[in-house]
Amino acid sequence: MVEMSEGVIEGDEISITKGPLVHHTALVKKIDRHKRLAYVETTMFGRTLNLKVGLEIVRKHRDIST
């Protein structure tokens, strides 16, 4: 069981700012804001893992290209 983390969405990536996954940047596959869950892909211990973690999105930045 992993404790709840907080993060910021920047484009297609998420930066974890608080909690057990802090400082990990992972590619978000899916977010369920109602259930406060994120399905992310990250690398740990030299392996790519797909994880379901508790996540509260505190801020969202969109990449605006011109």
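Presented here is a report on the structure given in the accompanying data block. (Residues numbered from 1 in each chain as written. Predicted model: local features only at pLDDT ≥ 70, side-chain atom pairs only at ≥ 80, totals over all residues. Heavy atoms only, no water.)

## Let's talk about the overall build of the chain
Quick reminder of the rule: Strands are runs of DSSP state E lasting at least two residues, helices are runs of H or I lasting at least four, and both sets are numbered from the N terminus onward. Burial classification: accessible surface area is computed with a 1.4 Å probe over protein chains only, and a residue below 20% of its type maximum counts as buried, one above 50% as exposed, and the rest as partly exposed. Whether two residues are in contact is decided by their heavy atoms: any pair within 4.5 Å suffices.
Regarding its fold elements, the chain presents 0 helices and 5 strands. Helices (α) and strands (β) of the chain occur, in sequence order from the N terminus, as β-β-β-β-β. Among the 66 residues that make up the chain, the fraction classed as buried is 26%. Within the chain, residue pairs in contact and separated by at least 24 positions form 29% of the contacts whose partners lie at least 6 positions apart.

## Some details on the pattern of salt bridges
Short version of the rule: Salt bridge, as used here: a side-chain nitrogen of Lys or Arg that lies within 4 Å of a carboxyl oxygen of Asp or Glu.
Scanning the entire structure with this criterion turns up 2 salt bridges. In this structure, Glu41 engages Lys29 in a salt bridge whose closest nitrogen and oxygen atoms are separated by 3.8 Å. You can see Glu41 sitting in strand S4 (residues 37-44) and its partner Lys29 sitting in strand S3 (residues 25-32), a full 12 residues away along the chain. Classification of Glu41 as partly exposed rests on a relative accessible area of 29%. The partner of Arg36 in a salt bridge is Glu56, and the shortest N-O contact between them spans 2.9 Å. A residue pair is termed long-range when its members are at least 10 positions apart, and Arg36 in the loop between S3 and S4 and Glu56 in strand S5 (residues 47-61) qualify at 20 residues. Take Arg36: its relative accessible area is 43%, and that puts it in the partly exposed class.

## Observations concerning the nonpolar core
Applicable threshold: Residues grouped as a nonpolar core are buried Ala, Val, Leu, Ile, Met, Phe, Trp, Tyr and Cys residues, joined through side-chain atoms within 4.5 Å.
Among the nonpolar cores identified, the biggest contains 11 residues, and these are Ile9, Ile14, Ile16, Leu21, Val28, Ala38, Val40, Met44, Val53, Leu55 and Ile57. Elements with a minimum of two residues in this core: strand S2 (13-18), S4 and S5. Ignoring anything within four residues of it in the chain, the contact list for Val53 reads Leu21, Arg36, Leu37, Ala38 and Val40.

In short, geometric facts, not functional conclusions.
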